[in-house]
Structure formats: C-alpha cells, structure tokens
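# Architecture and fold: a report
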Amino acid sequence: MLTGLSSVLALSVLVPTASADKLSELEQKKQEAQQQQSELNSGISQKNNEMAENQSTLEKIMAQINELNAKIDETKAKIASVEGDIEQTKGEIEELRASIEELQRKIDERAALLQERARAIQLSGGSVDYIDVLLGANSFVDFIDRFSAVNTLIDADREIMREQAADKELLAKQKAQVETKLAEQENRRAELGKLKASLDGQKAQQAGLVKDLQAEQNRLASEKANMVQQREEAIDVTAELEQQIMAEQERLAELARKAEEERQRKLAAERAAQEKAAAEAAARQAAEERAAAEAAAASAKAKASASSSSSAASAPAPAPKQASTYSAPAVKQVVSSNFIRPTSGRYTSKFGWRDIGAGQEFHQGVDIANSVGTNVMAAAGGFVSYAGSMGGYGNVVILTHSINGQTHATVYAHLSSIGVGVGQSVTQGQSVGKMGNTGRSFGSHLHFEIHVGPWNGGRTNAVNPANYISL
C-alpha cells in the first residue's frame, strides 16, 4: 500500500515538473513582451522629446520668418517711397526737358542768326568795315546815329554770344543734374530690389526648412503612432500571457492540492495502520494476560487439592489477579500548514497606501530589511511557479500553495540570488533565495506578498501578510 502511495506522490511531483517547462516558457515570453513594451515606451518618450525639440525649432524659425516678413514689408515701403521719388524726379525731368527744349530752340535760333551773319561777313570779303559806315555819314547827327547803330550791332553780337554760351552751359548742367539724379534713384531702386530679392530668398529658404520640419514632425508623429499601436499590442500580448501563466498556476495549485490530499490520505492510512496495530497488540496482550490468569488459577487449584484440608481451610484464598488495562500509544495529530515569517530582519514598510515622494502608491505586501545575502525561506510548502527576473520585482520567486483546500501564492522579491527552479517542490522553511536589492528597490530588503488564489499581474487578490505571519 505504501509503495502505491509513493508512486502516486512521485507522479504528482513529475507532472508539475513537466508543466513547469511550459510555465517557464510563458514567463519568458511575458518578460520579452514586457521588455518590448518598455522599449516601446522609451521609444515613444524619445519621439516625444524629438517632436518637442522640432516644435521648438519650428517656432524659432516661424519667429524668424515673421521678422523677415516685417523687414520685407519695410523694404517694400522703402521701395514704394523710392518709386514715388523716382516718379517725382521723372516729373522734374519732364519739366527740365521742356526747359531744355526751349533753351535748345533759342540756341538753334541764335546759331542760325550767327550762321547768317557769318555768311554775310564771308560775302563781304571776310569782314565788316564799320569805319566806312561811319565815314559815309552826311552830317554830325547822321554820324552819331551811325555810331550808335554800330555800337548796338556790336553789343547785340556780344549779347547773342554770351546768351548762347550761357544757355549751352545751363543746358549741359541741367542735363547732367537730371541724369545724375535719375541714375542715383535707379541705383537705389536696384539696391532695394536686390535687398527684397535677398529677403524673398531667405523667406523661401526658411519656408522650405519649415516644410522639412513639418514633414519630419509628421514622420515622427506617424512613428509614434505606430509605436503606440505596437505598445498596445504588446500590452495585449502580456495580458494574454498573464492569463496563460495564471492557468498554469491553477494547474500547479490543483496538482499541489491533489498532492496534499494524497499526503493526507497517506497520513490517515498510516494512522489507521498504527491504530490497527495498536489494537491488535492490545488484544494479544489481553489474551496473554487472560491465559496467564487461567493458568495461575489452575495451578493454585491443584496445589489446594494436594494440601491438607485444615491448611486449606486456614489459608486465605488467593486474590484473583486483575486484568491489566491497555492504553494505546498516542497518534501525532497533523496540523494544517500555517505561514511562517520568511526571513529575519526589521519590518520597514506595511501593506497598503504609502507615500513614495512622487505621490501615493498602494503597497501590495510588506518589506523586511536586512543585509544582502540574508536567507529567505518558503513561508509554506508548495511548488515554485516562477523563478527569475520580473520588472520592478527584480529577481523574484513565486510559490503556489494548497492550504486546507485553498490555493495561495507567496511572492519573494528583490532577491540577490535565487535558490530554486520552476516546478520544484519546496517545504516550509526551505531556502528559496537570498535577500538583495534588485529591481525597483532602494536598499537591501525582502518584499513579501501573500495572495488568496493564484498570483496575477494586477495583484488583485493580495492580502495583508501581517494577518498571517508575526512581524
């Protein structure tokens, strides 16, 4: 019978060990999904930073463009002013041209007159003899008249020559002034045109840069959206894996329950066998005592018959021997496994809400602080449903228990080292690892959780360990 029970127990250990490989694989996939999610979160954060930097650069460029637009508007106003001046100059030039035309007409008339005088002089032999004119006077009065006429002619010739020279000089001066002023205005207009072209070029360059930045912004936004979608998919995968892990834990818990039932049946069978053996021993002892009593009575009767009647009368009758009372040996009672304190050290953080400096968070377990390497023990017997690294837990061991028919899970987090493997059967008080400071931890300590039911990622069934162990 004991051999059959041993086979059942051996089978109950081998089955969870076989399923441990699947659980370990699922946990590995979950860790990979969590790692992917972490990388995606980091990538999204980086894209947000890049987009913020691009947005800041874009705002600076837009400010520069606005400044350029203001300068362009100012330049356009200057160009309009210069064009107005040019139009005014053109009006002045038209007036000067009219004056120049009048001067040119006078000059041409004088030139014709002087040319006619020159032909007259040429026809007269090349000179005009004003002496003959004076000597041809008939009287003194005629002489005075002739003299005045000659002087008048001479003065007229001189005045014509002076006016002709002055008009020619004024004509040349006015033409030079107009051409100079017009050239200056045209140069200024060309200069402003170059400035406007330069500003337009800068504006076009900045607009192109803005276009590139906007395209980059759109690209980053698209990549971020893809990462967000991938992260959501990764989260979904993690949840799916978590469900599979929970299913595996339930299987392990069921196997642990069956193993506990087999152990209880074995203990009951052993107890029944012990009670049966004790009863049989008691019956044998009672039979032996009865046989001995009967033999003693027969011997006493034979002796009494051989003795004299007087001796037999005077001798007191032997007291009948009392049968001894048998007391069966006490059978040790099996007490249901209770949780024990998993490690030694100082209780530093309780179960429930606590302030972590950046706000409130709900603490799903208790913290016990001690030096790195302090032994960490199983709070109850069960199976190892997880042993490895897991996010903020750091190095963690999760045990699945079946206590009085109820599934429980215990968590041992932030370990410096792990001393058990997935699927391994552990007994209460057995070492599962060493205390450490891995994961989201700020000093060497053990983070310990108790769950009524199998462990789940949301830790929705965590209970206060202080209600189960003495802290």
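In what follows, the structure referred to is the one given above.
Residues numbered from 1 in each chain as written. Predicted model: local features only at pLDDT ≥ 70, side-chain atom pairs only at ≥ 80, totals over all residues. Heavy atoms only, no water.

Now for the nonpolar core. In terms of nonpolar packing, the biggest core is built from 23 residues, with Val 397, Leu 399, Tyr 412, Val 432 and Phe 448 touching the most fellow members. Mapped onto this core, the elements with two or more residues apiece are strand 7 (395-403), strand 8 (406-418), strand 10 (431-435), strand 11 (445-452) and strand 12 (462-463). Residues Met 390, Val 396, Ile 398 and Val 411 belong to the second largest nonpolar core, which totals nine residues. (Core = buried A, V, L, I, M, F, W, Y, C linked by side-chain atoms within 4.5 Å. Buried < 20%, exposed > 50% of the residue type's maximum accessible area, 1.4 Å probe, protein only. Helix = DSSP H or I, 4+ residues; strand = E, 2+ residues; numbered from the N terminus.)

This part is about the side chain of Asp 367. Relative to the elements of secondary structure, Asp 367 occurs in strand 4 (residues 366-369). Within polar-contact distance, the side chain of Asp 367 engages the side chain of His 447 at 3.1 Å. Residue contacts for Asp 367: discarding those within four places in its chain leaves Arg 346, Tyr 347, Thr 348, Ser 349, Arg 354, His 445, Leu 446 and His 447. (Polar contact = N/O pair within 3.5 Å; in protein donor to acceptor, adjacent residues only side chain to side chain. Contact = heavy atoms within 4.5 Å.)

Attention now moves to the pairing of strand 8. Here strand 7 pairs with strand 8 via eight bridges, running antiparallel. Of the residues in strand 8, the one forming a bridge with Asn 395 is Leu 415. Linkage of strand 7 to strand 8, two consecutive antiparallel strands, is achieved through a turn of two residues, within which Asn 404 is found at a positive phi near 55°. Where strand 8 lies against strand 11, six bridges are found, and the strand directions are antiparallel. Note on strand 11: the bridge partner recorded for His 408 is Val 452. Where strand 8 meets strand 10, three bridges bridge the pair, whose relative direction is antiparallel. (Pairing = 2+ DSSP bridges.)

Moving on to the environment of Leu 415. The topology assignment puts Leu 415 in strand 8. A relative accessible area of 0% places Leu 415 in the buried class. Counting along the chain gives 39 residues from Leu 415 to Val 376, while the straight-line C-alpha distance between them is 8.5 Å. The contacts of Leu 415, once residues within four sequence positions are left out, are Val 376, Asn 395, Val 397, Gly 433, Lys 434, Met 435, Gly 436, Thr 438 and Leu 446.

Attention shifts here to unusual backbone geometry. Backbone geometry places Asn 404, a non-glycine residue, at a positive phi of 55°. Positioned with a positive phi, His 414 is a non-glycine residue whose angle comes to about 70°.

Here three bridges tie strand 5 (residues 375-377) to strand 10, and the two strands are oriented antiparallel to one another. Bridge pairing in strand 10 links Met 377 to Ser 431.

Another point: the pattern of salt bridges. Two side chains bearing opposite charge may form a pair once their charged atoms approach each other closely. Across all of its chains, the model carries three salt bridges by this definition. A salt bridge links Lys 196 to Asp 200; the shortest N-O distance between them is 2.9 Å. Of this pair, Lys 196 and Asp 200 both sit in helix 3 (residues 140-306), four residues apart, which is roughly one turn of that helix. The partly exposed category is assigned to Asp 200, whose relative accessible area is 30%. Close ionic contact of Arg 265 with Glu 262 constitutes a salt bridge, the shortest N to O distance being 2.0 Å. One end of the pair, Arg 265, and the other, Glu 262, are both in helix 3, three residues apart, so they sit about a helical turn from each other. (Salt bridge = Lys/Arg side-chain N within 4 Å of Asp/Glu carboxyl O.)

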